[in-house]
Structures are given as C-alpha cells and as structure tokens.
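Here is how the chains run, residue by residue.
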Amino acid sequence: MKELKCDILIVGAGLTGLMTAYTLSSLKKSIILIDKFDFDKEKQKQIDIRTTAISEGSKDFFNKIKIWEQLSKFAEPIKKIHVVDR
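Overview of the structure. Numbers given for residues are sequential positions, taken from 1 along each chain in its written order. Given that the model is predicted, a residue must reach a pLDDT of at least 70 before its local features are reported, and side-chain atom pairs must reach 80 or more before they are shown or counted; all residues, however, enter totals for whole chains, interfaces and linings. Hydrogens and waters are ignored; side-chain quantities use all the structure's heavy atoms.

**Topic: the overall build of the chain**
- Secondary structure counts use DSSP, requiring at least four H or I residues in a row for a helix and at least two E residues in a row for a strand, with both numbered from the N terminus. What the chain contains, in helices and strands, is three helices and two strands.
- The secondary structure elements of the chain, listed N-terminal to C-terminal, are β-α-β-α-α.
- The globule rule used for comparison is 2.2 Å times the number of residues to the exponent 0.38, while the radius of gyration itself is calculated over C-alpha atoms. The C-alpha atoms of the chain give a radius of gyration of 16 Å, which is well past the 12 Å a tight globule of 86 residues would have.
- The principal-axis extent of the C-alpha atoms belonging to the chain is close to 50 × 35 × 25 Å.
- Think of it in three bands: residues with accessible area under 20% of the maximum for their type are buried, residues over 50% are exposed, and the middle band is partly exposed, with areas taken using a 1.4 Å probe on protein chains only. Residue burial in the chain is summarised as follows: out of 86 residues, 14% are buried.
- Roughly 8,400 Å² of accessible area belongs to the chain as shown, and the carbon and sulfur atoms make up 55% of that amount.
- In the chain, 16 side chains carry a positive charge and 12 a negative one; their mean positions are 1 Å apart. Here the Shrake-Rupley method, with its probe set to 1.4 Å, supplies the accessible areas, and only the displayed protein chains count as covering residues. All tallies of charge rest on Lys and Arg as positive and Asp and Glu as negative; His and the ends of each chain are not included. Charge placement uses NZ in Lys and CZ in Arg. For Asp and Glu, CG and CD serve respectively.

**What to know about the pairing of strand E2 (residues 31–34)**
- Strands qualify as paired when DSSP identifies two bridges or more between them. Note that strand E1 (residues 8–11) and E2 share four bridges and pair parallel. From the neighbouring strand, Val 11 faces E2, where its bridge partner is Ile 34.
- In the classification by handedness, the crossover that spans E1, the intervening helix H1 (residues 15–24) and the parallel E2 is right-handed. Looking down the strands as they point away from the viewer, one classifies a crossover as right-handed if the path from the first strand across the helix to the second runs clockwise.

**Description of the packing of aromatic side chains**
- In summary, the pairing rule links any two rings of Phe, Tyr or Trp, Trp by its six-membered ring, whose centres are within 6.5 Å, and it sorts them by plane angle into stacked for under 30 degrees, edge-to-face for over 60 and tilted for everything else. Inspection of every chain in the model, using the stated rule, returns one aromatic pair.
- Plain terms: the ring middles of Phe 61 and Phe 62 are 6.0 Å apart, the flat faces sit at 50 degrees to each other, and that makes the pair tilted.
- For Phe 62, a relative accessible area of 3% gives the class buried.

**Let's talk about the nonpolar core**
- Membership of the largest hydrophobic core is limited to five residues, which are Met 19, Phe 62, Ile 65, Ile 67 and Trp 68.
- Here, two residues are considered to be in contact whenever any of their heavy atoms come within 4.5 Å of each other. In this structure Met 19 touches Phe 62, Ile 65 and Ile 67, once residues within four positions along its chain are discounted. Definition of nonpolar core: a set of buried residues of the types Ala, Val, Leu, Ile, Met, Phe, Trp, Tyr and Cys, connected through side-chain atoms within 4.5 Å.

Geometric values such as these leave the question of function open.
Here you go:
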C-alpha cells in the first residue's frame, strides 16, 4: 500500500467532498480527496444523470465562493417533489 501525506484528507468525492476540497484549496494546503470509485477507469466515465437538490443555504454558500453563476446554468426550481422513505 502506498503511503501518502497531506494536510487535509477528504473522504468522498460527492457534492460535499468536492465543494469542501474546492473551498479549502485557497488555504494552500496539501489536500487529498479519496472516493470508493476509481475515476480513471474507462467504464466509470459514463454520464451521471442523477439529480441533486440544492438548498437555499447551499446556494448562498456557492454564491459566497463564487461558483453559483456557473452552476445556475444547470439549475431550475423544484416545482413538485415526492419524498419516499424506504
């Protein structure tokens, strides 16, 4: 097993992990972002059609870190939602 050293380790490259890494990158620290998926594998380079609901608080945060303008191109309001608890 390869040993890596860093200042900040983020586990999970979902929306929260990616935004955490992006936000902390301004600190000029060594950051490692790990995920259970290997993003270099060809079979995992498929388009992800899942959706993500972003709360008003998250939108405010994205505005603050100056990325909402880029994200808003792909956003639209939720007009109807059905929540299912398995």
